[in-house]
Amino acid sequence: MAVSPYLEGLRVLDFCWVGAGAFVTKMLADLGADVIKIESRARPDNLRVSPPRRPGTSGLESSGYFASRNSSKRSFSLDMRKPEARELAHRLAASCSVITSNFRPGVLERWGLSYEDVRADNPQIIYLTMPMQGASGPHRSFIGFGSTISALSGLMHLSGDPDRPPVGTGTHYPDHVPNPGHALVGLLAALFHRERTGEGQAIEVSQLESTINVIGSAILEQSLGATIPARNGNHATDASPRGVFACGDGEWIAISATSDQAWRDLADVLGHPEWGEDVRFCTLEDRKRHEDTLDAMVRRAVTACTRDELTRLLRARHVPAAPVNSSRDVLEDEDLVARGYWQRLAHPVIGPMAIAGPPFRIDGERPQLRSAPLLGEHTREIAQDVLGFGAAEVERLIAEGVLE
Amino acid sequence: MINEPSAGGGPLAGIRVVDATRFLGAYAARLLADLGADVIRVEAPGDEDAEDGHGAESHFARFVNSSKRSITIDLRRPEGRALLDRLLERSDALIESFPAAWADDVGLDPASLAARHPRLVQVSVSSYGRDRTDGRTDDDLTLLAAGGLLHLGGYPDAEPMAAFGRQSHMAASLFAAVGALVALLDRARLGRGRWVDVSAQESLAQAVEDSVATYELTGHVRNRLGSEPREAGTGVYACADGFVTMVAGRLGTTKAWHALIAWMVEDGVPGADELTKSEWATLPHRQRPEAIERFGEVFGAFTADRTRLDLYRGAQERGIALSPVNDVAAVLDDPQLAARGFFVDVDDAQLGRRIRYPGPPYRLSATPAALARPAPGHGADTDDVLRDILDVEEETLTSLRQAGIV
C-alpha cells in the first residue's frame, strides 16, 4: 500500500500515549512520517485497555479507541526498566528527526532522554513535550485530563445554560483539537525552520496554555471589562432565533437565523409566513428581546417536521441549518462520505473499522491510512532496519526481555 | 525567493501569507503571523461593519486578527483582482474562504491560481470542503451540529448545547495552519505549492472522542453525558464557591481513588468509611447509579464548605486529578499562569486601551512565537503594502483609491 508522501523521510520517536499526544503523531504518521511508537507490555498505553471493544474480543489489541488514534504508526516495544533497553532508546533518539512525549515532566529525564541529553548526540533534534501545565511553575507536577484542562482554562465554565451548572463539551475536547492542533503547528513550524537553517529546538506545549487560546476572545473581553463573558447556551449576539430543536422523528436540528431575511425564510418554511411580518420580530434587536417567545414558537413548529427534510428546505433558502449528527449519523453523513473522510481499515483483531484521517484533502486526495499497530508489531523490523541488528541479535534481545 | 529567515524572527520569518478568509480560517493566519510570517489580511472596502460585527464578535475578530496587516481591495473588480495577483506573486501562501462558484468564474480557483503561481501554497477553508459548500450558509452552531461535537454536548435532560468560543472556526483554523505548514515543508522537495482543502465539519469530527468507535463496535449511540458524574469519582461537583471537576474513576488510577477516600476518612466525613469497602474499588460498582448517588452525597458533604482552590490544592497533593471550574476572572488570576508569565498586555492604539491577550500556545526554545501587534484597523496597511510590496506609484495609488478599488 502506498504511503502518503507528504512527510516522507521524517522519522519520529514517539513517547506519546493516551489522548492529546497520540493525535499529534497520528497526523504525522497519516501524512507519511515514520512514527515509531515506543510501547511497553509492563505499562501499556492506557488506551489499549480502554473501551470500546467488539463483543467477544478482549486484551491489549482489541480497543477501538486505541485503533482510532494510532493509525499509520509502527509499534516498538521494549522494557525500559532494563539498561540495555534504555541504550536502544538512546540510539533511536540519535537517529530520529523528532521526539514527542506527553509524559509528566521528569519521566524522559529519568531515562537519560532529556532535551539536553538527546541534543548532545543529535543537535538538530526537534523535541516536543506536552506537559499539562508546563514544565515550570508551582503547578508543574499537577495531574489532569482533557476534562480538567477544559475546566481550568475557562472553556467549561463558559459552556452551558446560564441558569444551570457549567456543562463543557461533554468530552475531553482539549485532547482532540486544541492541544494536538497547536502542538502540530509548533512542531511543523520548527521543522520548517530546521529545513532552512539546520537548527533544532525544544517545543513545550502546556496543555492549559494551549487550551486558553481557543477561548482567547473571552480573555480579551474580560480584560476590556465592558462586559463579562458568560454562558449563553445556544444563543448568540449575532443571530436569533438560534438553537437546537427536536423534530417529529425524534432527531435534533440546529437552526440559526443569521439575518432578517433568514428569519423570514425560516418562518415561511415552518408554515408561518405571518411571523416574518410580526412587528415583535422584525430586527435582530427585536428578536433578541423576545427570544424566549420565539424559541417556544419555533420549538413547537419544528415538531411537525422531520429533520432531514427540514434541513433540506432551510438550506435551499440559505437559512443556516444542520442535522445534529450523532456518532451513527457522522458515519453516514453525505458530505463526510462523499469526501472520503472515513477510511475502512482492516484490523487483525478488531476487524474492519472506520478511521478518520486528516480533516483536509491535499491536491484533491486523501492520504492512505494504515491500521493501528499491534503492540510490538514492528519491534523486529525496526531493530533490524533502523538499529541495524542482525536477526540472531534481535532474537537474543527478545529472549532476554529487552525487546518485546 | 523570499526564503531567507530574518534575524530574530520566528520560525516563519521571511514567509509571506495572504489571508483572504472571513472568520472560519482567520485564526490559522494569526498562528502563522505569531510564528513570524508577514500575514496580509485582504478585506473588502466598506465591509468594516460586517467584519467587526456585534459585541462578542468584535472580541473574536480582534483575537484572531492580531499580528496581521490589513489591506482593503475590492476583489469584485478586475483591477482589484489584478492587485491580488501581484501580491500573490510575491507571497508564499494563500489562505482563503472565497465562495467556490464565484472564484471559479473570476479565475481565483485553486487550479487557475496554481497555473499562475505554481509555487504558491493554497489553503481553502470552507464549511464542508470546497466541493460541498456552495449555496449553503452556516454558522458556528450548525457546523458544530454537522461535525458531531454538538450531539455530545449539553445536559442529558435538555437539547444538545454548543461549546463556547466558535470552536468550528478554531478547529478549522488549527487544521488549516497544519495543512499550510505541511505544504510549505513539502514545497522544498516538490518544487511547487500544494492545495489543501480544509473542511470545518471534518475538523470538528476529529473531536467525537470514542463515540464513533463505540457505535462501530457495539452499536451503541453515545448520548450527552452532561456534567453529571459518569461514575463515582468522575464528574463535576459543587463546592463552597462554585464547581470542581474530577477524574478519579475509570481514567484515573486506582491510587487516586484510594487517596480520595483516605482524604475523606481522615477528615471524618460522614459516610466516608462506607466507601472503603472493597466493592467500591471496582469500576462496575462505581458505575451503578446508586453508587454514583451515594458517592455524590458523601463527597458533597466534604466539598460543601471547601473552596475550589482548597480542593484543588488538597487533591493535587494527593495525586488526584481535580481542577477548579474556573471562570475567566479566575483564569486571569491563576498563579501557575502568572509564574510562567503567560498573559501578554498590548497597547491597542485604535481602542486607546491596553488589552490582555493569552500568550502563545507553545514555547519554541530557539525561535519563539510572539504576538507582533494588536489587530489592525480595517485597511490600515493598504498604502504601505501597495507601495512597499507591490511598488505601486503614488499617482496610481490615488487613482485606485478614487475608483474605490482599494
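Residues numbered from 1 in each chain as written. Chains lettered and ligands numbered in written order. Predicted model: local features only at pLDDT ≥ 70, side-chain atom pairs only at ≥ 80, totals over all residues.

Q: Teacher, can you tell me more about the interface of chain B and chain A here?
A: A common measure of how large an interface is: the accessible area buried when the components associate. Contacts between chain B and chain A engage 119 residues on the former and 124 residues on the latter. Counting residues per element, the side of chain B that touches chain A draws most heavily on helix α9 (residues 167-190) of chain B, which supplies 14 residues. Residue classes in the side of chain B that touches chain A are distributed as 65 nonpolar, 33 polar and 21 charged. Where strand β6 (residues 201-204) of chain A lies against strand β12 (residues 363-364) of chain B, two bridges are found, and the strand directions are antiparallel. Its bridge partner lying in β12(B), Ile203(A) is registered against Leu364(B). (Contact = placed C-beta atoms within 7 Å. Helix = DSSP H or I, 4+ residues; strand = E, 2+ residues; numbered from the N terminus. Nonpolar A, V, L, I, M, F, W, Y, C, P; charged D, E, K, R; others polar. Pairing = 2+ DSSP bridges.)

Q: I tried to follow the pairing of strand β1 (residues 11-14) of chain A on my own but got confused; where do I start?
A: A regular strand carries its side chains on alternate faces of the sheet. Residues and elements named next belong to chain A. Pairing between β1 and strand β2 (residues 34-39): four bridges, direction parallel. Of the residues in β2, the one forming a bridge with Leu13 is Ile36. As for the winding sense of the linkage, the β-α-β connection from β1 through helix α1 (residues 20-30) to β2 is right-handed. Two elements, β1 and strand β4 (residues 98-101), share three bridges in a ladder whose sense is parallel. Each bridged residue has a counterpart across the sheet, and for Leu13 the counterpart in β4 is Ile99. (Right-handed = clockwise from strand over helix to strand, strands pointing away.)

Q: Teacher, can you tell me more about the domain arrangement of chain A here?
A: You can read the domains of chain A as domain 1 (11-214 + 339-399) and domain 2 (242-319). Just the C-alpha atoms count here: the centres of domain 1 of chain A and domain 2 of chain A sit 44 Å apart. (Domains from an automatic or database assignment.)

Q: What am I meant to see in the sheet that holds strand β4 (residues 93-96) of chain B here?
A: Paired through their backbone hydrogen bonds, the strands of a sheet run either parallel or antiparallel. In space, the seven strands of this open sheet follow the order β12(A)-β6(B)-β5(B)-β4(B)-β1(B)-β2(B)-β3(B), with mixed pairing throughout. Two strands bound the open sheet, and with one partner strand each, they are β12 (360-362) of chain A together with β3 (69-72) of chain B. The sheet shows a mean angle of 20° between the axes of neighbouring strands, taken without regard to direction. Pairing between β4(B) and strand β5 (residues 121-126) of chain B: four bridges, direction parallel. Paired with Glu96(B) across the strands is Ser124(B), a residue of β5(B). Its contacts with the sheet place α9(B) against β12 of chain A together with β4, β5 and β6 (195-199) of chain B, and it is angled at close to 165° to β5(B). (Axes fitted to C-alpha atoms, helices over the stretch in contact; angles between N-to-C directions.)

Q: For this particular structure, what's the right way to read the sheet that holds strand β9 (residues 321-324) of chain B?
A: Residues and elements named next belong to chain B. Strand order in this open sheet of three strands is β7-β8-β9, and the pairing throughout is antiparallel. Sheet topology places β7 (234-239) and β9 at the edges, where each strand pairs with a single neighbour. For this sheet, the mean angle separating the axes of adjacent strands, direction not counted, is 25°. Bridging between β7 and strand β8 (residues 242-247) involves six bridges; their strand directions are antiparallel.

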